[in-house]
Amino acid sequence: MSDSITTTASPSTRTQPTRDGRLQVHLRVQHLSNLTQVSTWSSGIGALSSALHRALDCAPPLHTGQLVQCALGTLMRSGPFEFLLVGDAGQPQSDRVALLRQHIGADIGSVLDLSHARVRVSVHGDKAVQALSKLYALDFRPAAFAPNSFALTGHHHIPCLLHRLDAQHFHAYYFTTYARGQIDLLADAALEFGVDVTQAG
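The paragraphs below set out a description of the structure included in this document. (Residues numbered from 1 in each chain as written. Predicted model: local features only at pLDDT ≥ 70, side-chain atom pairs only at ≥ 80, totals over all residues. Heavy atoms only, no water.)

Let's talk about the sheet that holds strand β4 (residues 67-70)
And step 1. As summarised here, the arrangement of the five strands in space is β4-β5-β6-β3-β7, forming an open sheet in which the pairing is antiparallel. The open sheet has two edge strands with one neighbour each: β4 and β7 (110-113). Taking the axes of each pair of neighbouring strands and ignoring which way they run, one obtains an average angle of 20° across the sheet.
And step 2. Taken together, the four bridges between strand β3 (residues 35-39) and β7 define a ladder with antiparallel strand orientation. Bridge pairing links Gln 37 to Leu 112 in β7.
And step 3. Along the sheet face, helix α2 (residues 45-56) touches β3, β4, β5 (73-79) and β6 (82-86) and points at about 20° away from the line of β6.
And step 4. Relative to the sheet, helix α3 (residues 93-103) contacts β3, β6 and β7, its axis offset from that of β3 by approximately 15°. (Pairing = 2+ DSSP bridges. Helix = DSSP H or I, 4+ residues; strand = E, 2+ residues; numbered from the N terminus. Axes fitted to C-alpha atoms, helices over the stretch in contact; angles between N-to-C directions. Contact = heavy atoms within 4.5 Å.)

Remarks on the packing of aromatic side chains
And step 1. Applying the stated criterion to the full structure yields three aromatic pairs.
And step 2. Ring geometry for Phe 140 and Phe 145: centres 6.0 Å apart, planes at 40°, overall tilted.
And step 3. Judged by relative accessible area, Phe 140 falls into the buried class, the value being 9%.
And step 4. Between Phe 140 and Phe 170 the ring centres are 5.8 Å apart and the planes differ by 85°, which places this aromatic pair in the edge-to-face class. Placement of the pair is Phe 140 in the loop between α4 (128-133) and β9 (149-155) and Phe 170 in strand β11 (residues 169-175), with a sequence separation of 30 residues.
And step 5. Counting every residue linked through ring pairs, the aromatic cluster contains Phe 140, Phe 145 and Phe 170.
And step 6. The cationic tip of Arg 164 hangs over the ring face of Phe 145; the distance from NZ or CZ to the ring centre is 5.6 Å. (Phe/Tyr/Trp six-rings, centres within 6.5 Å; stacked < 30°, edge-to-face > 60°. Buried < 20%, exposed > 50% of the residue type's maximum accessible area, 1.4 Å probe, protein only. Lys NZ or Arg CZ within 6 Å of the ring centre and 35° of its normal.)

Focus: the layout of surface pockets
And step 1. Considering only enclosed or pocket space, the largest pocket measures out at about 290 Å³ in volume.
And step 2. Residue assignment for the lining of the largest pocket shows that the elements contributing at least two residues are β2 (25-31), β5, β10 (158-166) and β11.
And step 3. For the lining of the largest pocket, the class distribution of residues is eight nonpolar, eleven polar and two charged.
And step 4. Considered as a void within the structure, the second largest pocket measures approximately 210 Å³ in volume.
And step 5. If you go around the second largest pocket, you meet 13 residues; those closest to its centre are Leu 84, Arg 118, Leu 152, Leu 161 and Phe 175.
And step 6. Across the lining of the second largest pocket, the residue classes tally to eight nonpolar, three polar and two charged. (1 Å grid on protein atoms, 1.4 Å probe; cavity = no way out; pocket = protein on both sides within 12 Å on 5 of 7 lines; lining within 4 Å. Points joined across faces, edges and corners; volume = space filled by probe spheres on them. Nonpolar A, V, L, I, M, F, W, Y, C, P; charged D, E, K, R; others polar.)

So, the side chain of Gln 182
And step 1. On the secondary structure map, Gln 182 appears in helix α5 (residues 176-189).
And step 2. With sequence-adjacent residues up to four places away left out, Gln 182 is seen in contact with Tyr 136, His 155, Ile 158 and Tyr 174.

Considering the environment of Leu 114
And step 1. Secondary-structure assignment places Leu 114 in the loop between β7 and β8 (118-124).
And step 2. Taking relative accessible area as the criterion, Leu 114 reaches 8% and is therefore assigned buried.
And step 3. Through-space distance from the C-alpha of Leu 114 to that of Gly 65 is 19 Å; in sequence the pair is 49 residues apart.

What about the sheet that holds β8?
And step 1. Pairing within the open sheet is mixed, and its seven strands lie in the order β1-β12-β2-β8-β11-β10-β9. Two strands lie at the open edges of the sheet, namely β1 (14-16) and β9, each paired on one side alone. With strand direction ignored, the average angle separating the axes of adjacent strands in the sheet is 20°.
And step 2. Both β10 and β11 contribute to a ladder of five bridges, which runs antiparallel. The residue bridging His 163 from the neighbouring strand is His 171, located in β11.
And step 3. Against the sheet, α5 touches β1, β2, β8, β9, β10, β11 and β12 (195-199), its axis set at about 140° to β11.

Quick notes on α5
And step 1. Given a rise of 1.5 Å per residue, 14 residues ought to cover 20 Å, and the 20 Å separating the end C-alpha atoms of α5 matches this to within 8%.
And step 2. Looking at α5, one finds that the buried residues are Thr 176, Ala 179, Gln 182, Ile 183, Leu 186, Ala 187 and Ala 189. (Expected span 1.5 Å × (residues − 1).)

This is the structure in structure tokens:
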């Protein structure tokens, strides 16, 4: 990733506890090295799903908002005709793209490396839901937004993919271009609870 992209997307590290010293929301910013979008057209979703099943050795999610864990990472159904594959930093992205393209030709769909185009923010702490609910009009009750699912949402027309890992732990995915402003807004929303912002190593 270029220095210019990193600088644009990264907010300043900050620690702002409450008056009594509490930090109840933690934001950890990570620049991704392994994010792939796989998409097709309306008539091609059956063929694409079959090809993904062969490539990843796991059945793709059937509906938008669902995800599955497979050997190469987390596969999210991010739209009716598209998927996002979020992998670990250990595997080179070029290897992943090449593997997927072996199974998904131009007649089936497209495979695109989006690692440079998204920033992931881990949001956790005792007041994570309260902070997020200031920005995103979502029903955060577990019955409506269960752990191991995600929602497509946004704030001021800036989209966000919000993945819930646990009751008070989320991953927020932002477009790199808008990430710095969105992270600053989230930190401001969490200020009353005590917040720190750090960069992943």
